[in-house]
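# Structural overview for review
One-letter residues, chain by chain:
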Amino acid sequence: MTALLVAALLAQSDVPPDAAGTWADPSRSVFLLPGSRSLSSGFGPVSLDGLQPAASAVTFDGLTLRSPAHGFFGPSIVQPGFVEGVRVGDAAGSVETGRTLGRSVTLLPAASTGDEWRGRLRLDVLALSASGSGRVPGLKTQVDVGARFFGLPALAASFLRVRALLGDWHLRVAQPLGSGELRVLGLGAVDDVALTVSGIPLAARLSTQTADVRWRSDAAGTIELGLTGNLDSIALAIRGEQTRHDVIGGEQAVSARLAVRPSLGGGVRLGLGADGTARRLVLDRVSDSGLAGVGGTPGRFVTASSSRALGVALAGGLFVEARDDEGPFRWSVGLRGDVWKPIGGETFGSLEPRLSLARDFGDRWTVSASGGLRHQPASWLVPVPVLDTASWRFGLQQAVVGDVQATYRPAAEHRFETRFFGTSLRRSLELSPFDDTFLPQVNLSPQDVERRLGDGWAAGASLAWAFQPSAQAWLRASYSFVTSWRTITFSRVGSDGLPTGEARASVPWSFDLAHVLQASGGWRFGAGWALAASIALQSGAPLAGGLWGQEQRPGVDSLRGTPRWVPVDRDLVGRASPWLRVDLRASKTWRPGALEVELFLDVQNASVWAQPTGTSYGTAPASLEQQARGDVTLTSRPASAPLGFPIPVLGVELRR
Amino acid sequence: MPAPPLEATARWYAGDLHVHTLESGDARPSLDEVASFAASRRLDFVALSDHNTSSHDDFIVGAQARHPRVLLVPSVEFTTYQGHLNAFGASQFVPFWLGRDGVTLGQALQRFDQQDAVATINHPTLDLGRFCIGCAWQLPVVPGLVRAIEVGVGGWDETGALFDESAIAFWEALADQGVHLTAVGGSDDHRAGVGLNQTQSPMGSPTTLLYASELSVTALTRALREGRAVVKLRGPDDPFVSLTPLDVLPRVQDTLVGSQVRVLATVTGGKGHRLAWIENGVTAAERAIDTDAFTDERSLEAPAGRSVRLRAEVRVEGAPRTVTSHLWLAPDSPPGPPVVVDKAAPRGCPGCGSAELAPLFAIVALARRRRR
């Protein structure tokens with residue numbers, strides 16, 4: 001058992017489900033992997049290898065999740081009860097997956113319950129969820145069903161006079177059919193939030209609904225046929241006192257795929273496949289404005305609405321691959337081609353050769369390497385339905401990727417792994433809603449695209465250790481280093497804060513993660529008690545603007561002659577200060593009969609240390625006379641992420 | 001004594017009716033910076049519409065002498081908690097504290113009218129809660145004293161894509177009630193184009209064109225009163241469309257007196273887009289613009305005792321890009337009540353090609369910062 005627990009690759013998160021900071025959600029264990037970075041202080045999607053989170057496709061049971069997180073930055077839309085762990089692919093990845101630059105993240109489905117019916121009811125401070133799995137007697141039909149509602153946000157919102165309704169559902173039905181299995185998977189999530197931001201009453205509604213039908217047979221090689229339908233929408237609204245503006249972007253998509261993987265003998269398997277997708281975008285707008293009556297007539301509402309079918313975008317891909325997964329020497333070589341036809345744009349394509357090698361040296365050493373070419377359309381920090389498809393017309397990003405890993409297993413309890421990676425971004429168009437130039441980016445002209453294109457590189461290394469001396473104790477520790485730079489065009493700024501000209505230079509990128517020391521461990525006592533702790537010490541992010549603050553320097557207002565802050569040129573900025581986060585977890589499990597009841601308390605950021613994001617710059621209060629004299633004092637203080645307080649997740653779960 | 005015109009040619013003059021200077025307190029540019037930037041944007045005039053002050057007038061003469069090609073129009077942004085309006089051509093202070101000391105909107109409009117200024121409702125549907133106090137129009141509209149309305153609420157790329165269509169609907173709803181308003185646009189530029197964030201529009205976005213006999217405040221004011229205005233919602237490079245009556249009829253400001261008229265629309269720079277005729281607030285016809293210049297003719301008929309209106313739009317990917325003011329027709333002078341048509345929800349252009357998602361994220365961008 002002990003050997004089994006440590007036998008898995010560390011690139012597969014074999015972090016036990018009772019690790020601190022995961023909130024008993026196996027998908028969050030990805031943040032404990034070496035070289036990974038959460039967007040902010042343990043929240044949000046994961047950045048791998050110095051790339052945007054959008055560069056990593058998240059898949060579950062063969063399905064790519066268009067919007068894998070609630071509200072883009074929140075919990076996974078797949079319930080914890082259906083996920084067993086997380087696997088992160090190597091740099092090149094299999095040619096069966098494409099259209100992303102970075103390593104893929106696979107949420108591993110929980111094992112089938114067999115003939116037994118099992119249920120899970122969980123109530124924690126965030127959500128209430130219920131799920132069940134089992135086999136329909138006599139039919140061999142495996143059914144998994146679940147639903148979740150985030151109660152605390154709804155309750156807290158009601159007290160604050162805002163609205164936060166988040167929920168998701170899950171249905172999986174698998175039925176043997178012919179020589180294979182027919183599997184229907186339905187996933188959906190809805191987020192409905194209303195709050196005031198900067199004084200503006202906003203409302204947002206995100207909905208992603210997916211249904212996937214797959215037939216797969218492992219007889220005489222593997223044949224797989226799949227058909228997927230997606231309905232996604234993002235809606236934003238301003239709810240003013242007398243005017244309401246709603247904008248709804250909708251995407252309806254259909255995808256089909258076919259793959260055959262015949263065996264050629266001698267352990268070698270061939271893979272051939274194709275897929276295609278059609279995505280229709282629609283933009284609806286409605287506004288209601290209050291109008292005071294004219295000449296004594298009563299007031300009324302004026303409604304304006306429009307619905308525009310923006311068009312259909314098409315994409316398709318072909319792959320061919322040969323691989324040998326058996327024996328001490330394992331390899332795969334493949335070629336993938338993709339074609340995109342964006343809405344209102346020219347068709348373009350890509351070719352991606354990929355190679356992966358792994359060699360065992362005795363029982364203790366394994367060395368692997370991968371390399372290849374990858375492409376992805378312009379990306380927006382995180383996967384965003386509708387916007388991602390609309391951005392195909394901006395063209396492709398291209399990266400040459402590669403990594404080398406070595407694993408050393410000196411004893412059953414120990415496992416060491418080291419990894420080196422490098423990514424050469426030959427063409428990058430990594431956009432972000434947090435950029436000051438975000439709005440004009442949505443409708444870029446070809447000239448604008450040329451100006452925003454960049455290139456760059458990301459590279460790093462990690463050293464990780466897994467230690468499992470017994471079934472009761474476990475430890476994971478790692479050091480990782482990730483550097484990520486982009487060569488982009490930006491404005492240089494003079495001491496008066498006005499642009500002095502443009503420059504093209506290397507800028508440290510938002511996902512540069514210079515140093516991270518991380519450790520996570522746990523101890524399972526008798527009588528069902530368990531304790532766990534996770535510690536992460538990491539260096540600060542570069543202050544080049546965008547996701548983080550931009551460093552400023554003292555300057556002079558040219559009109560008034562008073563001091564003012566002016567931006568430091570983006571290629572000359574420093575870094576935020578380092579920070580430490582400690583997560584703690586305690587749990588107690590009872591087993592009355594066939595039931596299992598677990599009570600857990602998982603405290604994120606028990607260290608009460610907010611992630612530094614830069615500096616908040618301002619001026620000291622001054623009277624009009626002081627301002628007229630130019631008597632202005634510049635002030636600055638450290639700025640940090642708003643989530644600097646401990647976040648306790650208290651929950652109880654009943655399992656059968 | 002009025003200053004001589006900067007140009008004595010009858011033509012379309014391009015300008016911006018909503019620009020702020022240092023005198024506003026929340027804006028940064030001097031008059032020289034405003035004039036220089038306006039010239040770079042190929043504008044012929046800008047209205048200096050500072051918040052509740054005409055103090056820029058002290059500097060206009062000198063600045064005008066230094067920038068003889070851009071007309072600096074004295075104006076005021078009458079800023080209240082229940083709405084903002086511009087008084088184009090105003091140079092005397094008018095109390096703005098409505099509801100106190102007996103100050104009323106009617107009085108203020110009368111005082112602007114006495115200065116021969118044209119009152120324009122600013123950003124009528126820009127309701128952003130506490131973020132932009134009083135920005136949406138909540139006050140009554142006084143026909144005859146309010147003569148224009150902003151249908152271009154900042155540039156299309158910034159906030160116009162979100163608010164322009166509702167502003168146009170607001171304008172049409174007022175027209176349904178017989179209120180004649182000239183369509184204008186205003187950038188509300190507070191920075192003369194320098195260091196703008198994603199929600200702030202530079203001067204000229206949108207661009208308002210006025211057909212005037214000369215480049216002077218008097219002539220531009222008259223053009224506004226007569227409805228001789230076209231708004232380019234994105235900026236100076238947008239297509240242009242103008243309406244010309246083909247029949248000779250008496251004209252009282254923006255109204256032709258008669259029971260029938262043929263109108264010619266002339267479009268330049270619009271090849272590949274569509275021309276829409278909007279009659280009494282409803283799209284009556286659309287044509288593909290396949291040449292440059294492109295012309296199309298339409299007839300308008302007014303039933304006895306009623307008035308009707310017609311305007312044209314150049315639509316790009318299904319959305320309005322250039323908007324003319326209404327041309328009204330009435331068999332009698334003064335005109336009777338307007339014809340009102342039941343309006344179905346407008347439909348866009350199927351398969352129009354490129355995505356147009358700016359409005360979707362304009363809302364998010366507005367949460368960053370916006371000053372009015």
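Residues numbered from 1 in each chain as written. Chains lettered and ligands numbered in written order. Predicted model: local features only at pLDDT ≥ 70, side-chain atom pairs only at ≥ 80, totals over all residues. Heavy atoms only, no water.

Here the focus is the overall build of chain B. Looking only at helices and strands, chain B has 6 helices and 19 strands in total. In summary, chain B has a C-alpha radius of gyration of 19 Å against a globular reference of 21 Å for 372 residues, a match within 12%. Structurally, chain B occupies a C-alpha span of about 50 × 45 × 40 Å along its principal axes. For chain B, the proportion of its 372 residues judged to be buried stands at 62%. Within chain B, contacts between residues at least 6 apart in sequence are counted, and of these 72% link residues at least 24 apart. Only carbon and sulfur atoms are counted for the fraction: they give 51% of the accessible area of chain B, which is about 13000 Å². (Helix = DSSP H or I, 4+ residues; strand = E, 2+ residues; numbered from the N terminus. Rg over C-alpha atoms; globule rule 2.2 N^0.38 Å. Buried < 20%, exposed > 50% of the residue type's maximum accessible area, 1.4 Å probe, protein only. Contact = heavy atoms within 4.5 Å. Areas by Shrake-Rupley, 256 points an atom, 1.4 Å probe, with all protein chains shown as cover.)

Turning our eyes to something else, we now look at the overall build of chain A. Helix and strand counts for chain A come out as 6 helices and 35 strands. A globule of 656 residues ought to have a C-alpha radius of gyration of about 26 Å, and chain A, at 26 Å, matches this closely. Along the three orthogonal principal directions, the C-alpha set of chain A runs to about 80 × 60 × 55 Å. The buried share of chain A, reckoned over its 656 residues, is 52%.

With that settled, consider the nonpolar core. Formed by 50 residues in total, the largest nonpolar core has its most connected members in Ile-238, Val-384 and Leu-429 of chain A together with Leu-126, Leu-128 and Phe-163 of chain B. Taken together, the elements giving at least two residues each to this core come down to strand S13 (200-217), strand S14 (222-239), strand S17 (268-291), strand S18 (300-324), helix H3 (387-390), strand S25 (473-493) and strand S26 (499-508) of chain A together with helix H4 (156-176) of chain B. Of all hydrophobic cores here, the second largest spans 39 residues; its members include Leu-85, Ala-119, Trp-171 and Val-179 of chain B. (Core = buried A, V, L, I, M, F, W, Y, C linked by side-chain atoms within 4.5 Å.)

Our next topic: the state of the cysteines. All names here are of chain B. Summed over all chains, the structure comprises 1 disulfide over all chains. Two residues share a disulfide in this structure: Cys-132 and Cys-135, whose sulfurs sit 1.8 Å from each other. Judged by the sign of its S-S torsion, about -60°, the bond between Cys-132 and Cys-135 is left-handed. Cys-135 gets classed as buried once you look at its relative accessible area, which sits at 2%. (Disulfide = S-S within 2.5 Å.)

Residue position: Phe-170 of chain B is located in helix H4. Along the sequence, Phe-170 of chain B and Val-184 of chain B sit 14 residues apart, while their C-alpha atoms lie 13 Å from each other. With sequence-adjacent residues up to four places away left out, Phe-170 of chain B is seen in contact with Ser-289, Gly-290, Leu-291 and Val-302 of chain A together with Pro-124, Thr-125, Trp-137 and Ile-149 of chain B.

What follows covers the domain arrangement of chain B. All names here are of chain B. By the assigned domains, chain B splits into domain 1 (1-237) and domain 2 (239-348). Taken together, the contact between domain 1 and domain 2 spans 28 residues of the former and 27 residues of the latter. When domain 1 packs against domain 2, the two sides together hide about 2300 Å² of surface, and 55% of this comes from carbon and sulfur. When the area that domain 1 buries against domain 2 is broken down by residue, the three leading residues are Glu-172, Asp-176 and His-180, summing to 26%. Taken together, domain 1 and domain 2 are joined by 3 salt bridges. For the salt bridge of Asp-176 with Arg-309, the shortest nitrogen-to-oxygen distance reads 2.8 Å. (Domains from an automatic or database assignment. Buried area = accessible area lost by both parts, 1.4 Å probe. Salt bridge = Lys/Arg side-chain N within 4 Å of Asp/Glu carboxyl O.)

Before going further, it helps to examine the side chain of Glu-313 of chain B. Residue and element names in this part refer to chain B. Turning to its location among the elements, Glu-313 is positioned in strand S17 (residues 308-316). In this structure Glu-313 comes out as buried when scored by relative accessible area, which is 3%. Among the polar contacts made by the side chain of Glu-313, one reaches the side chain of Arg-311 at a distance of 2.8 Å. At a separation of 2.8 Å, a polar atom in the side chain of Glu-313 contacts the side chain of Arg-315. Once residues lying within four places of it in the same chain are set aside, the contact partners of Glu-313 are Ile-168, Arg-274, Leu-275, Ala-276, Ile-278, Pro-320, Thr-322 and Val-323. (Polar contact = N/O pair within 3.5 Å; in protein donor to acceptor, adjacent residues only side chain to side chain.)

Residues and elements named next belong to chain A. Together, Leu-121, Leu-123, Leu-128, Leu-595 and Leu-654 line one region of the surface with nonpolar side chains, adding up to about 400 Å² of accessible area. Relative to the helices and strands, Leu-654 resides in strand S35 (residues 647-655). The partly exposed category is assigned to Leu-654, whose relative accessible area is 32%. (Patch = residues over 30% accessible without salt bridge, like charges linked within 9 Å, V, L, I, M, F, W, Y side chains within 5 Å.)

This paragraph deals with the pairing of strand S22 (residues 396-411) of chain A. All names here are of chain A. Sheet topology places strand S21 (residues 365-377) next to S22; 13 bridges connect them, and they run antiparallel. If you follow Arg-374 over to S22, its bridge partner there is Ala-399. Relative to strand S23 (residues 414-428), S22 is paired through 12 bridges, and the arrangement is antiparallel. Each bridged residue has a counterpart across the sheet, and for Gln-398 the counterpart in S23 is Arg-427. Where S22 folds back on S23, the antiparallel hairpin that results is connected by 2 residues. (Pairing = 2+ DSSP bridges.)

Our next topic: the pairing of strand S32 (residues 596-604) of chain A. Looking along a regular strand, one sees the side chains alternate between the two faces of the sheet. All names here are of chain A. As judged from the 7 bridges shared by strand S31 (residues 579-590) and S32, these two strands associate in the antiparallel manner. Bridge assignment links Trp-590 to a residue of S32, and that residue is Val-597. Bridge count between S32 and S35: 9 bridges; the pairing is antiparallel. Bridge assignment links Val-597 to a residue of S35, and that residue is Leu-654.

It is worth spelling out helix H5 (residues 217-225) of chain B at this point. Those residues of H5 of chain B that sit buried are Ala-219, Leu-220, Thr-221, Ala-223, Leu-224 and Arg-225 of chain B. Of the residues flanking the end of H5 of chain B, it is Gly-227 of chain B, one or two places downstream, whose phi is positive at about 70°.

Where empty space is left can be seen by rolling a probe of water-molecule size over the atoms. Residues and elements named next belong to chain A. Counted according to the given criterion, the structure contains 12 cavities of 30 Å³ or more. Lining the largest cavity are 17 residues, with Phe-31, Ser-38, Gln-518, Gln-538 and Arg-581 positioned closest to its centre. Those elements that provide at least two residues to the lining of the largest cavity are strand S2 (36-40), strand S27 (513-524), strand S28 (529-538) and S31. A per-element tally of the lining of the largest cavity places S28 first, with 4 residues. (1 Å grid on protein atoms, 1.4 Å probe; cavity = no way out; pocket = protein on both sides within 12 Å on 5 of 7 lines; lining within 4 Å. Points joined across faces, edges and corners; volume = space filled by probe spheres on them.)

Here we take up unusual backbone geometry. Residue and element names in this part refer to chain B. A cis amide bond links Ser-205 with the next residue in sequence, Pro-206, at an omega value of 5°. The step from Asp-292 to Ala-293 runs through a cis peptide bond, and the omega angle for that step is 5°. Looking at where Ala-293 falls in the secondary structure, it is placed in the loop between strand S15 (282-288) and strand S16 (294-301). In this structure, Arg-42 takes a positive phi of about 65° despite not being glycine. Structurally, the position occupied by Arg-42 is in the loop between helix H1 (31-40) and strand S2 (45-51). Residue classification places Arg-42 among the exposed positions, given a relative accessible area of 53%.

Residues and elements named next belong to chain B. The sheet built from 3 strands is open, its strands ordered S10-S13-S16 with antiparallel pairing. Pairing within the sheet leaves two strands with one partner each, and these edge strands are strand S10 (240-245) and S16. Direction aside, neighbouring strands of the sheet carry axes that sit 25° apart on average. (Axes fitted to C-alpha atoms, helices over the stretch in contact; angles between N-to-C directions.)

Residues and elements named next belong to chain A. Taken as a whole, this structure holds 15 aromatic pairs over all chains when the rule is applied. Ring pairing ties together the aromatic residues Trp-365, Tyr-408, Phe-416, Trp-465 and Phe-467, which thus form one cluster. Across from the ring centre of Trp-23, 4.0 Å away, lies the NZ or CZ of Arg-28, which sits over that ring. Lying across the ring of Phe-361, Arg-359 places its NZ or CZ 5.3 Å from the centre. (Phe/Tyr/Trp six-rings, centres within 6.5 Å; stacked < 30°, edge-to-face > 60°. Lys NZ or Arg CZ within 6 Å of the ring centre and 35° of its normal.)

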